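# Tertiary structure, described
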Amino acid sequence: MPPTSSSAASSRPTLPRRAAIVGANRIPFARSNGAYARASNQDMLTSALDGLVARFGLAGERLGEVAAGAVLKHSRDFNLTRESVLGSRLSAATPTYDVQQACGTSLQTAVLVANKIALGQIESGIAAGVDTTSDAPIEVNDELRRVLLAANRAKSTAGVLKALAGLRPGQIVPEIPANREPRTGMAMGEHAAQTAAAWGISRTAQDEITVASHQNLAAAYERGFFDDLMTPYLGLTRDNNLRADSTLEGLAKLKPVFKPAGYPDTEATMTAANSTPLTDGAATVLLASDEWAAERNLPVLAHVVDAETAAVDYVHGDEGLLMAPAYAVPRMLERNGLTLQDFDFYEFHEAFASTILATFAAWEDPIFCKERLGLDEPLGSFDRAKLNVVGSSLATGHPFAATGARIVPTLAKLLHEKGSGRGLISICAAGGQGVVAILEA
Amino acid sequence: MSNDWYSDFVNSGFGKAIAGQVGLPPVPQLRRYEPGQPLLSGPALLGTATADGRVAKVVRSLLTDLGIEVHDDPNAAVGGGSSSSKVAAGIIDATGLSGPADLAEVQAFLTPVMRRIGPSGRILVIGDVPAEATSPAVRAARRALEGLVRSAGKEARYGATVNLVHVADDAVGADLESTLRFFLSSRSAFVHGQRLDVGTVPGFSGSSQGVDWDRPLAGRTAVVTGAARGIGATVASTLRRDGATVICVDVPSAGDALARTANDIGGSALQLDITADHAPATLLDHAQRHGGLDIVVHNAGITRDKLLANQDRDRWNSVIDVNLNAQLAINDALLGSEVFHRGGRIVTVSSMAGIAGNRGQTSYGASKAGVIGMVDATAPLLVEKDATINAVAPGFIETAMTKAMPVGTREAGRRLSSMTQGGLPVDVAETIAWFAQGASYAVNGQVLRVDGQNFLGA
Ligand SMILES: NC(=O)c1ccc[n+]([C@@H]2O[C@H](COP(=O)([O-])OP(=O)(O)OC[C@H]3O[C@@H](n4cnc5c(N)ncnc54)[C@H](O)[C@@H]3O)[C@@H](O)[C@H]2O)c1
């Protein structure tokens, strides 16, 4: 026999293969400065991981990897995921890394973990995300930072004093992170308002999306949908942003904000209800090869079929900040030979109700589809009854980096309950990016 | 320090002196089980009441195989000491009684034993099942043992226990092994003044050959309901200690505590309201992850106390649903499913309140008495699966629930028992773990109080 590595080669599965979604755990999401005001990202992520470990009996197990991230992150948390895993019940031999892609973070980590599983590099992994707007990092402003660094570099006491003598009261004002785009200086809501105006999205249509989100989430809780997707945390057993009694009449009374700049004739349509509130929380999802799941008699809820990330030029081009999914979806559909109508469930992250409505409007618009997407036919519309059937971000809240790991298992479980089918996930993200994916059961 | 200040006080040096002078009841420190602990901490006395005794032989070989010093004469000098040296156990084979006259032999053996029994010692009387006797004199003698044991229990001190085991005609000595080990060891620390029948449900089969007595549940999968806290959390860790893989069940709202219980013992957490329609199916489905189920512990329970005069239907039903209906529904599913393995064990938690009743607890008392009825009727149904069902009926157990009681009620609960203290969750858990052993195959349809011989309903 020639000295080949045939035995090593034969232990490799047939590749690529589809990664399975086995299950998930998240903590209830909490409105900012509320139930989790004193919890750090690391606390929340560790707790969410431990709930997942308990659900699947993984205490002491070494997994292929844990990929997670946070958007609002302290500099001391540079190794947030590693520190969380070390504090969790997982084996300390489980490798980790941090990813940061704004609101797309934990859909992207799910894609990364799934891809490694597909390539046979790992057999199992956890994708996760966490964010806190209550324990957000506060930075000293740039001026103060320069003075302090200069003082630190000074060799003599006199040098230190000289450097510090340069301090001015105005420099001591801390910078609290704001939900603003660095390149436009505009709040995300201001961007969204412009997009809503450009696509003529009505206040009522936005409120309808909002009411549906709350009612669907409330009904899902009532039927125990989250019993195996969530573990209580710090006294919270449900997302506390949920308003089960939301009605169109009630929402109509709210005062709109974000008058769209550049649209003098358009009224403001966005309100505190049809925009997601600042939220704290963490979410995790367990992915694996079918073999790994089968060895442990664990369920396979669904498989990851494909994913796509797009980015748009919202700075110099005239595309909306949150419109990247409008580009990502058709590219992914084409690669898979699918149409927009070929899905049983549509899970669209509701950053703002207007965001998803603008995306849907764009797909129904022949000019947009021709000029921006290069399509002869518009993508068209789909059955809205299949949209966010167990609620989405408007009701759950949206701890930025945790949203993908909330949506992936939600869709996987819906598909599993149905027995078979296909679902589409779409998440828009700051910086003009968007991450989308297809799951099948 | 425990949370029992009285016990801490009378056991302190100063407290002991004061308590002795003013006649406060002593609170014995009970010896409790730790892995690797020898079955008995000293010599044993083993008597036989009649020439027809049929279990002394197996008791003797069990003890001598374990290297325990055994004497037939209750007045023998032991351990290189004298005829008054302390012993760890006194066991009398009182099977084969032909009438009340034979009871004098039992007395003759137990009188020196009562004087010699050491702290946390074990006095065990083994007799025949009264109901299996047709002769009035024989049945009277057999039944008399129960009165003797329950009274002796009230005289025993320093944590010694006195218990009675009935052996059915169908049972042979080997069928007794796990029961002997339980009652002699410190696993039964808070089981006192009680009676247990072995082999009374016909058709049992099983074996205690090759059991690893340090890990008697090795390789078994167990479900414990209400495992987030209290007694259930301790049951889960005790079953784990004995080798089982444990699925911990509790309501979704207790999920964070449940996750801690599960992770602490390398088990899995299942957030499930056992009263949900889908609960039995969900439970069996989850158990398939572990290749099926061997042990189910129905521990979840609630109280919604109200005087009967003020009772209302919803409150009433909520207690009956959790404490009784949910168990019935799960048992039905277990009986009809291959997922519940041959040789399976169901253990349920009744309560002293289900036997003696308790003011304000009509719903709770009803549910816990109902559990006993359920055990009675289910036991014969399980025989064809070589499975068993048994119940523990805890008395006053120190948990968060009892900590919240008014001081007077709490103190009465503790002191009005032969042990003059509350039990610990682990005392209930040890009893459950013993029922759950494969080697306990002949123990079926039993209700055992774990209550330090509480005076209520005794
Ligand atoms: N503590 C005592 O002194 C004592 C005495 C006698 C009997 N008991 C019995 O022992 C058992 C445990 O008692 P404990 O003192 O640990 O009580 P506990 O209240 O501390 O624990 C009971 C657990 O059961 C869970 N539970 C309640 N309803 C449930 C449902 N529908 N589905 C799933 N889980 C549910 C609860 O969430 C809780 O975690 C109960 O059956 C109780 O009646 C206790």
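All names here are of chain B. When the domains of chain B are assigned, the result is domain 1 (30–198) and domain 2 (221–450). One C-alpha centre belongs to domain 1, the other to domain 2; they are set 29 Å apart. Contacts between the two partners involve 25 residues from domain 1, matched on the other side by 26 residues from domain 2. Carbon and sulfur atoms make up 61% of the area that domain 1 and domain 2 hide from each other, which totals about 2,100 Å². Taking the shortest distance from any N to any O, the salt bridge between Asp242 and Arg187 comes out at 3.0 Å. Of all the secondary structure elements, the ones that give two or more residues to the side of domain 1 that touches domain 2 are helix H5 (136–155), helix H6 (177–184) and strand S6 (195–198). Across the side of domain 1 that touches domain 2, the residue classes tally to twelve nonpolar, seven polar and six charged.

What follows deals with the site of the ligand. Residue and element names in this part refer to chain B. Lining the immediate environment of the ligand, one finds 26 residues, of which Arg229, Ile231, Asp250, Asn299 and Tyr364 sit closest. A distance of 2.7 Å separates an oxygen atom of the ligand from a polar backbone atom of Asn299. Between an oxygen atom of the ligand and a main-chain N or O atom of Gly395, the distance comes to 3.5 Å. Considered on its own, the ligand offers 830 Å² of accessible surface; in the complex 92% of this is hidden by protein. Partitioned by chemical class, the residues of the shell around the ligand number 13 nonpolar, nine polar and four charged.

If you look at the interface, chain A gives 20 residues, while chain B gives 18 residues. Ranking the residues of chain A by area buried against chain B places Ala54, Arg89 and Asp227 of chain A at the top, with a combined share of 35%. There are one salt bridge connecting chain A and chain B. When the shortest N-O distance is used, the salt bridge between Asp264 of chain B and Arg89 of chain A registers 2.8 Å. One can count nine residue pairs in polar contact (both at pLDDT 80 or more) joining chain A with chain B. Its residues placed into classes, the side of chain A that touches chain B shows ten nonpolar, five polar and five charged.

Here the focus is the nonpolar core. Residues and elements named next belong to chain B. The biggest cluster of nonpolar side chains holds 68 residues, and the ones touching the most others in it are Leu63, Ile91, Phe183 and Leu239. Here this core gathers at least three residues from each of two domains, domain 1 (30–198) and domain 2 (221–450). Here Leu239 is in contact with Leu217, Ala222, Val224, Ala244, Val246, Val297 and Ala433, once residues within four sequence places are set aside.

So, about the environment of Ile91 of chain B. Residues and elements named next belong to chain B. Positionally, Ile91 belongs in strand S3 (residues 87–94). Relative accessible area serves as the criterion here: at 1%, Ile91 is assigned to the buried category. Those residues in contact with Ile91 that sit more than four places away from it in its chain are Leu45, Leu46, Gly47, Val59, Leu63, Phe109, Leu124, Ile126 and Leu184.

Let us look at the packing of aromatic side chains. In the structure shown here, the tally under the stated rule is 17 aromatic pairs over all chains. Centroid distance Tyr36 of chain A to Tyr233 of chain A: 5.0 Å. Interplanar angle 70 degrees. Geometry classified as edge-to-face. Taken together, the positions of Tyr36 of chain A in the loop between strand S2 (30–31) and helix H2 (41–55) and Tyr233 of chain A in the loop between helix H8 (203–222) and helix H9 (248–252) put the pair 197 residues apart, joining distant regions of the chain. The exposure class assigned to Tyr36 of chain A is buried, which follows from its relative accessible area of 0%. Between the aromatic rings of Trp199 of chain A and Phe368 of chain A, the centroid separation amounts to 5.6 Å while the plane-to-plane angle is 75 degrees, which identifies the pairing as edge-to-face. Placement of the pair is Trp199 of chain A in the loop between helix H7 (188–198) and H8 and Phe368 of chain A in helix H13 (residues 366–371), with a sequence separation of 169 residues. Judged by relative accessible area, Trp199 of chain A falls into the partly exposed class, the value being 24%. Through pairs of rings, three or more aromatic residues link up here, namely Phe343, Tyr346, Phe348, Phe360, Trp363 and Phe382 of chain A. If you follow Lys413 of chain A out to its NZ or CZ, it ends over the ring of Phe225 of chain A, 4.6 Å from the centre. If you follow Arg187 of chain B out to its NZ or CZ, it ends over the ring of Tyr33 of chain B, 4.1 Å from the centre.

The rules behind each value
- Residues numbered from 1 in each chain as written.
- Chains lettered and ligands numbered in written order.
- Predicted model: local features only at pLDDT ≥ 70, side-chain atom pairs only at ≥ 80, totals over all residues.
- Heavy atoms only, no water.
- Domains from an automatic or database assignment.
- Contact = heavy atoms within 4.5 Å.
- Buried area = accessible area lost by both parts, 1.4 Å probe.
- Salt bridge = Lys/Arg side-chain N within 4 Å of Asp/Glu carboxyl O.
- Helix = DSSP H or I, 4+ residues; strand = E, 2+ residues; numbered from the N terminus.
- Nonpolar A, V, L, I, M, F, W, Y, C, P; charged D, E, K, R; others polar.
- Near = heavy atom within 4 Å.
- Polar contact = N/O pair within 3.5 Å; in protein donor to acceptor, adjacent residues only side chain to side chain.
- Areas by Shrake-Rupley, 256 points an atom, 1.4 Å probe, with all protein chains shown as cover.
- Core = buried A, V, L, I, M, F, W, Y, C linked by side-chain atoms within 4.5 Å.
- Buried < 20%, exposed > 50% of the residue type's maximum accessible area, 1.4 Å probe, protein only.
- Phe/Tyr/Trp six-rings, centres within 6.5 Å; stacked < 30°, edge-to-face > 60°.
- Lys NZ or Arg CZ within 6 Å of the ring centre and 35° of its normal.

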